[in-house]
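# Architecture and fold: a report
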Amino acid sequence: MNKKKEVKVKVGLSGPPPMKSGFQYVNPGQEDQMEISGYRPSLIRKVIVWFFIIITAGLLRLFFYWLPHLFIKFTHTECSLSEAKVVILKDQYKQWFVSKVKVHSKSGQPAGGVKKDEVMGIAFSKNPYDSNTPLKMGDTKTPTDDHVSSGLVSEVDRILELNRKFVRYFITKKIKYIWSNESQTFKKLEGLDKNTKCSYFHACKGLTYPQQQERVAMFGSNSIQIHVTPIIRILFKEVLSPFYIFQMFSCGIWFADEYYYYASCIVVISVVSISATIYQTRKMQRALRNTIESSTIVSRLHGEDFVDVCSDDLVPGDIISIPRNGCVMQCDAVLLTGNCIVNESMLTGESVPVTKTPLPNPKISKSRGEDILFNLKEHSKHVLFCGTNILQTRFYGSQQVKAVVLRTGFSTAKGELVRSIMHPKPVDFKFNRDTYIFVAILAAIAGVGFIYTVVIMVEEHEAFVDIFLRSMDLITIAVPPALPAALTIGIVFAQRRLKRGQIYCISPRSINVSGTINAVCFDKTGTLTEDGLDMQSVVPVQDGRFAEEVQDIKQLSSDQRLLLNAMTTCHSLTIINGVLSGDPLDLIMFNATEWELEEPGEEEASRYDMIVPTIVRPQGARNGKGTFDQQFVPITEEIAIMRQFTFASSLQRMSVITRKLGATNFELFSKGAPEMIASLSKPETLPSNFHEVLIEYTKKGYRVLALAHRSLPAKLKYAKIQRIQREQVERNLTFLGFLVLENRLKPETTPIIHQLLEANIRTIMVTGDNMLTALSVARECGMVGENQKIILVQAFPGTTGKNDPWLEYMYTEDPQDHHQKSTKETKIAMPDSTDSNYHFALDGRSWAIIRKHFPLTLQKICVRGTVFARMSPDQKSQLIEVLQELGYFVGMCGDGANDCGALKAAHAGISLSEAEASVASPFTSKQPNIECVPTLIRQGRAALVTSFGIFKYMACYSLTQFVSVLILYWIFANLTDFEFLYIDLFLLTSLSVTFGYTNAYDKLSKDPPLVSLFSVAPVLSILLHMLIQTAAQVFCYFNVQDQPWFVPYEVNEDDDYTSYENMAVFVISMYQYVTLAIIFSKGRPYRKTIFTNYLFIANLVVCIGMNLWLNIYPIEDVATFFELKVPPSIPYRLIYLGIAAINFFVDYLIETFIIDSYFVKERLQCWIEDIFSNSKYQYEIVEEEIVRDSSWPNISSAESLAQAFERLDSQQARDFDQSSLLSSLLDSASETQSIRSLRSVEMETSHRDFNGKPALNTGASNTSNNFYGDIDDESQLIADDLDKGVDNLAMDLDEQGPDVNSQKL
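One structure accompanies this document, and this report is about it. (Residues numbered from 1 in each chain as written. Predicted model: local features only at pLDDT ≥ 70, side-chain atom pairs only at ≥ 80, totals over all residues. Heavy atoms only, no water.)

Within the protein, the secondary structure is distributed over 46 helices and 43 strands. Expressed as a percentage of the 1305 residues in the protein, the buried residues total 54%. Taking as baseline every contact in the protein between residues at least 6 positions apart, the subset at least 24 positions apart corresponds to 75%. Accessible surface, the protein as shown: approximately 57900 Å² in total, 55% of it carbon and sulfur. (Helix = DSSP H or I, 4+ residues; strand = E, 2+ residues; numbered from the N terminus. Buried < 20%, exposed > 50% of the residue type's maximum accessible area, 1.4 Å probe, protein only. Contact = heavy atoms within 4.5 Å. Areas by Shrake-Rupley, 256 points an atom, 1.4 Å probe, with all protein chains shown as cover.)

The structure is reproduced here in structure tokens:
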């Protein structure tokens, strides 16, 4: 047997690394997990360190300035965190942070000489239901009897220890960490968003002045302050950077060696560069400050009254009033009363108004269950986030719209966004790491030259000063000071070209990384497809069967009137400043009906609890007439929207309760995902071909929604409507039909997908839309070839104690038909991948199960997965991270709506949104299509190849000059000052600048560019070219000595280096610098030919012309200026031209036919990797396993796709998430707290009459009825059923008829 060769796996860095034993951490298991260690000052260590700082003339202190954590380690002693005066933190990106531990009193005053046992430590509770939020630190107010009886104060006050006076903390990355006595570590200071009971917010009565001051001391000012760094600080920071320190060192050597001109030019260039850096830095800081910083006057509850204060003074726990005309939120706050219509584009990138409702109060009834913990994610529809724009409020009578402050400052949603900008994830790019290693190698070579110089000069008994200057000068030659600046040239030009292409970059370092992308994830809606939807048709249901498709809504028959009513009422539209606004889908649906919407005015809105509903009616229905005739019969068809159950992604539906003018009962209309609506509908109302018709439309790429209706009993009054839970009415629905909308592909989508696939770049769709629609779009745009199969992966969680989770695989089409052409013709022939015969598709629900139970299978699915549907924002980010862990360089393109997390997680995120959320993405495209993706990759590849070329050029330039100087040092000569000046300023600077001006090639190559400087090709290239350059210089050096007119150089005290040896080396070397620039300035397949770079060509012409002039016939004054000794023979001068030509052609042949050959770039590279590194990316290993294992996956073909979806829908209903149910149950209570007074007597009666188990519907036989029977049982256990006796009574009335109703009442 052959022993399997071990392979070193190369993976990408994603998520927090595993915690190591023996280390302490802050934020363990979170994205911002950091190692922490404590230190205390040591006098002995300080004395020793400062002694060495003094004897090294401050160089050691400069080293510690660059690495401050080492300064702490050398001057302090490591100790426990409880005794630490300074802490050192290291994040997952190997970045170090040093923070000083401070102690202050609860009033915010610094405390000196505090004893250890006097320092306050927050007692973080072990009970998961106890709050860990230090909100009442120092609150001395005794809880009232009302508070104690409510059971609220005990849950919050338990976290505090009031017998201590001081608090220890430190601040890093704008976040405050406080000491915990219990865990003996520091923990992030949280606001009210973590581990706080929902009932706490409703018990808040505002803060007293002392409490507010104590919380200001603890939480700081409620402001996101962006400091504009003073000029002097930026100046010192730049000057003390390693690059400029080396520049100053070099200039010092040159001035000492009387190289005045060159040193002066470098000083001028450095001053200009530093000035430009200071200007750009302050400009960006001011722009960010002007964009981010804001403060306003807010109304804060103080005692019984609201008083106006500055928003900077807000603290968690404050109660604020939201003005009726809206405002921009200055903090995160949870809504207590009233409704708010909010524009959250700053967070989501989507400028669609969102309705925020009050937070549910789990204590509104005598609950037998546990109080509910507030969860920012689950309760986000009750939270007003900092930076979002409140457009409109609705409030109750004389009450104000009130909210409790959750988080302030940098802890808010806006603050987290700003922190991600100020402390971005470092671009850990192999090319960048390799440059440092290569510079170290150049420094080692310089060290060899240093020794060589010292030896030969000591042997000649040269003065110490001369030895020092000559040897130090050699170091400045071998390690080019201009290297860092030169490497940014390609990036700067690429950024300018991207800007011309309307792609804006806020992270230039990401441009090179974008050139390595080999997998791109796309959002579907608004990215691959058009932003808006077109109303295609409705498919009504009549007598349990689908009727003919109706494209003109006005053609609906009277029997199909309920379908029209559903379209006119089941939406979340609102009127803002006279304009109908809301979700684009709702707008399209409502506008297609040609009805109009009327909302209560401002005065009516203030009477919110007096039943002033939103009205819809046909356009022009009134025409000046009244609503009723003389017999009080309705003249017009008007429908009032009495209550709205907002859309929830976890529920996949929304509903409204309406009442028609003149009707005696309420009606419910639901709209949502067809699968969900079908599970809630009566089986007898569902057509037998439900799934077949649904698949028929979704295969054509249409967006399909389902509509349903239910008539509620007349005994169900308004008070009950406002209290009822949505799960109790969203059941036993009558299915009305399909709403079909067309979401067309953008015209640019298919050609771009084709272009990426041809370049061997994976394309992946990750969307929140329906699976069938996503499959259709994937086929239509070419992500999946016409002759390729798609395997649907379905995961089932199993049942507790019975079945383990399992997976099923099935073809999305009949395998016999997968060769058939798409119904929609595509003008562009899509390439079929030869190494991939099938693609995987799965939805978010299956993703969650596979990620939890089948991690190894998840890797295989991600390597072959192309369609990921029904994915939540978190799941999109998880997919990006898994792809990165597999070794892919991942790009993400989205329209900003729900894509922000994925855009930040990707190596290169491209936002198609112009909203403020785009600042979280490195790239933003002003063109709302995916044309920006290949453009970015092309420009990234061009910039990367330019960086490679410039690095090789700079390395060969420094080594070529290094060789020239070493040769001349042999005779104790050197290049003259103006020869150095000509080479370094005229040749090198101009060529390296225009070098990077070449544009990207028009077509993406199948082969990605190299990412490592230590690949075979670049290393071999530098070695071979330097061999040629050295040989040419050595030949010229010895050849000139064989000439009859040759006069050897004689050492002189004036350091006059005019000689034939100097001429020979200088003349041939100046041709070599031009040759190297041409050779390394490569064109296709990543850059256009150099002949398109007119600046570079013009520069070459000037440089070659100057070289010819200096070589062949320089005038006497020029020769004197350069201290150049011109050979007396013109034919001999032409020999140098011939040598330069031979040098050029040999270099060209080496680079073209050896370095760029298949043998070197592929065969030799693979052979070297196999010998030295045995490295492969994880996705390559997984792909090999998939190819080897022909038995996987085991395809199930026992049922059709329609049957599979039907079975999956049934499973989904049985496995309904109870946490989503609980949230929904509580939401139902939260929307109607204002009308408690209307039914207090009724509720008391209901509790007396119905305190036993409510009657359930036992006659239902379908899955959904059994499912909701289970829900009714569960809801009683969870929250004492939120007065469910009344509500279940209403349901029972519906099921059992009017006679029973009378008897029960």
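The structure having been displayed, the exposition proceeds.
Okay, the packing of aromatic side chains next. Between two aromatic rings, the relevant description is the distance of the centres plus the angle of the planes. Within this structure, the stated rule accounts for 45 aromatic pairs. Plain terms: the ring middles of Y982 and F1122 are 5.6 Å apart, the flat faces sit at 85° to each other, and that makes the pair edge-to-face. Remark: F1122 occurs in helix α37 (residues 1116-1122) and Y982 occurs in helix α33 (residues 977-995); sequence separation between them is 140 residues. Each member of the pair, Y982 together with F1122, is buried. Through pairs of rings, three or more aromatic residues link up here, namely F978, Y982, F986, F1066, F1121 and F1122. Between K20 and the ring centre of F23, over which it is positioned, the NZ or CZ distance is 4.7 Å. One residue, R659, lies across the ring of F666, its end atom 4.6 Å from the ring centre. (Phe/Tyr/Trp six-rings, centres within 6.5 Å; stacked < 30°, edge-to-face > 60°. Lys NZ or Arg CZ within 6 Å of the ring centre and 35° of its normal.)

So, about the sheet that holds strand β37 (residues 806-811). Read from one edge to the other, the open sheet built from 10 strands follows the order β22-β42-β41-β40-β23-β35-β39-β38-β36-β37, with strand pairing classed as mixed. Both outer strands of the open sheet, β22 (503-505) and β37, are each paired with one neighbouring strand and no more. Strand-to-strand twist in this sheet, taken as the mean axis angle between neighbours without regard to direction, amounts to 20°. As paired strands, strand β36 (residues 789-796) and strand β38 (residues 838-843) are joined by 4 bridges and run parallel to one another. The residue bridging I790 from the neighbouring strand is H839, located in β38. (Pairing = 2+ DSSP bridges. Axes fitted to C-alpha atoms, helices over the stretch in contact; angles between N-to-C directions.)

Once that is clear, we can look at the pattern of salt bridges. For the structure shown, the criterion picks out 26 salt bridges. With a shortest N-O distance of 2.7 Å, E730 and R653 are connected by a salt bridge. You can see E730 sitting in the loop between α25 (726-729) and β34 (734-742) and its partner R653 sitting in strand β31 (residues 653-660), a full 77 residues away along the chain. Among the residues examined, E730 registers a relative accessible area of 0% and is labelled buried. Given the relative accessible area of 0%, R653 is considered buried. The shortest N-O distance in the salt bridge between R864 and E1183 comes to 2.7 Å. Highlighted residues: R864 in helix α29 (residues 855-864) and E1183 in helix α40 (residues 1178-1188), separated in sequence by 319 residues. Each member of the salt-bridge network shares a partner with another, and the members are D193, D332, R407 and E416. (Salt bridge = Lys/Arg side-chain N within 4 Å of Asp/Glu carboxyl O.)

Another point: the environment of L528. Looking at the secondary structure, you find L528 in helix α18 (residues 524-528). Here the alpha-carbon distance between L528 and R744, two residues 216 residues apart in the chain, equals 8.7 Å. Excluding anything up to four places from it in sequence, L528 contacts F522, D523, L745, K746, T749, I753, M765, M783 and I930.

Note: strand β24 (residues 534-542) against β34, 6 bridges, orientation antiparallel. By the bridge assignment, V539 is partnered in β34 with F738. As consecutive antiparallel partners, β24 and strand β25 (residues 545-546) are separated by 2 residues, and within that stretch D543 has a phi angle of approximately 55°, a positive value.

A few words on empty space enclosed by the protein. Here the structure, examined in full by the defined rule, presents 10 cavities of 30 Å³ or more. Roughly 100 Å³ of volume is contained in the second largest cavity. Considering the residues around the second largest cavity, the lining is formed by W254, Y259, Y262, D473, T476, I477, P480, P481, Y957, Q961, F980 and D984. Elements represented by at least two residues in the lining of the second largest cavity include exactly α14 (464-478), α32 (932-969) and α33. Per-class residue counts for the lining of the second largest cavity are 8 nonpolar, 2 polar and 2 charged. (1 Å grid on protein atoms, 1.4 Å probe; cavity = no way out; pocket = protein on both sides within 12 Å on 5 of 7 lines; lining within 4 Å. Points joined across faces, edges and corners; volume = space filled by probe spheres on them. Nonpolar A, V, L, I, M, F, W, Y, C, P; charged D, E, K, R; others polar.)

Looking now at helix α20 (residues 584-593). For an α-helix the count is 3.6 residues per turn, leaving residues at separations of three or four pointing the same way. Along α20, the positions that sit buried rather than exposed are L585, D586, I588, M589, F590 and T593. E594 occupies a position one or two residues after α20 and carries a positive phi of about 60°.

Let's shift gears to the packing of helix α34 (residues 1016-1041) against helix α35 (residues 1060-1080). Two numbers describe a pair of packed helices, the interaxial angle and the distance between the axes. It is at 9 Å that the axes of α34 and α35 come closest, and there the two elements cross at 155°. Considering their axes alone, α34 and α35 lie roughly antiparallel with respect to each other. Relative to α35, the crossing made by α34 is right-handed. Across from S1021, H1025, I1028, Q1029, A1032, Q1033, C1036, Y1037, V1040 and Q1041 in α34, the residues of α35 making contact are Y1060, E1061, M1063, A1064, V1065, I1068, S1069, Q1072, L1076, I1079 and F1080. Counted by class, the contact of α34 with α35 contains 13 nonpolar, 7 polar and 1 charged residues. (Parallel < 35°, antiparallel > 145°, perpendicular 65-115°, else oblique. Left-handed = near helix turned anticlockwise from the far one by under 90°.)

A separate point is a nonpolar patch on the surface. Taken together, the side chains of I44, I48, F51, F52, I54 and I55 make up a nonpolar region of the molecular surface, amounting to roughly 650 Å² of accessible area. Among the structural elements, F52 can be located in helix α1 (residues 43-55). (Patch = residues over 30% accessible without salt bridge, like charges linked within 9 Å, V, L, I, M, F, W, Y side chains within 5 Å.)

What follows deals with the nonpolar core. By size, the foremost hydrophobic cluster in this structure holds 92 residues, and its most contacted members are W254, Y953, L991, V1040, M1063, F1066 and Y1136. If one sorts the elements of this core by residue count, α32 sits on top with 17 residues. If we skip the residues at most four places from it in the chain, Y953 touches L987, L988, L991, Y1073, L1076, A1077 and F1080. Among the nonpolar cores identified, the runner-up in size contains 78 residues, and I491, A678, V777 and V933 belong to it. (Core = buried A, V, L, I, M, F, W, Y, C linked by side-chain atoms within 4.5 Å.)

Next up on the list: unusual backbone geometry. The step from R1084 to P1085 runs through a cis peptide bond, and the omega angle for that step is 10°. Along the chain, W1192 connects to P1193 via a cis peptide bond; the corresponding omega equals -5°. If you trace the backbone, P1193 turns up in the loop between α40 and α41 (1201-1214). Not every positive phi belongs to a glycine, and E1123 is a case in point at roughly 55°.

Another aspect to go through is the environment of H104. Positionally, H104 belongs in strand β7 (residues 102-105). On the basis of relative accessible area, H104 is assigned to the buried category, the value being 5%. Along the chain, H104 and R168 lie 64 residues apart, while their C-alpha atoms are 6.9 Å from each other.

Let us now look at the side chain of R1133. Note that R1133 resides in helix α38 (residues 1130-1155). Buried charge R1133 goes without a salt bridge, the closest partner of opposite sign being E1116 at 11 Å. Leaving out residues up to four positions away in the same chain, R1133 has contacts with N1111, I1112, Y1113, V1126, P1127 and P1128. (Lys, Arg positive; Asp, Glu negative; His and termini not counted.)

This part covers the sheet that holds strand β17 (residues 339-343). An order of β15-β20-β17-β18 is seen for the 4 strands of this open sheet, with the pairing classed as antiparallel. Single-partner strands in this sheet number two, and they are β15 (327-328) and β18 (353-356). Inspection of the sheet shows β15 paired to strand β20 (residues 389-394) by 2 bridges, in the antiparallel sense. Bridge pairing in β20 places C327 opposite I390.

What follows is about a negative patch on the surface. Together, E258, D466, E1053, D1054, D1055 and D1056 make up a negatively charged patch on the protein surface. With respect to the helices, strands and loops of the structure, E1053 is situated in the loop between α34 and α35. Given a relative accessible area of 81%, E1053 falls into the exposed group. (Charge placed at Lys NZ, Arg CZ, Asp CG, Glu CD.)

Right, let's talk about α32 for a bit. Between the first and last C-alpha of α32 there are 54 Å, a value that for 38 residues agrees with the 56 Å anticipated at 1.5 Å per step. The buried count for α32 comes to 37 of 38 residues, which makes it a mostly enclosed element. (Expected span 1.5 Å × (residues − 1).)

Moving on, we get to the packing of α32 against α35. Orientation of α32 relative to α35, taken along the N-to-C sense of each, is 170°, at an axis distance of 10 Å. Classified by the interaxial angle, the pair formed by α32 and α35 is roughly antiparallel. Between α32, through G949, K952, Y953, C956, Y957, T960, Q961, S964, I967 and L968, and α35, the contact on the second element is made entirely by E1061, N1062, V1065, S1069, Q1072, Y1073, L1076, A1077 and F1080. Of the residues that constitute the contact of α32 with α35, the class distribution is 10 nonpolar, 7 polar and 2 charged.

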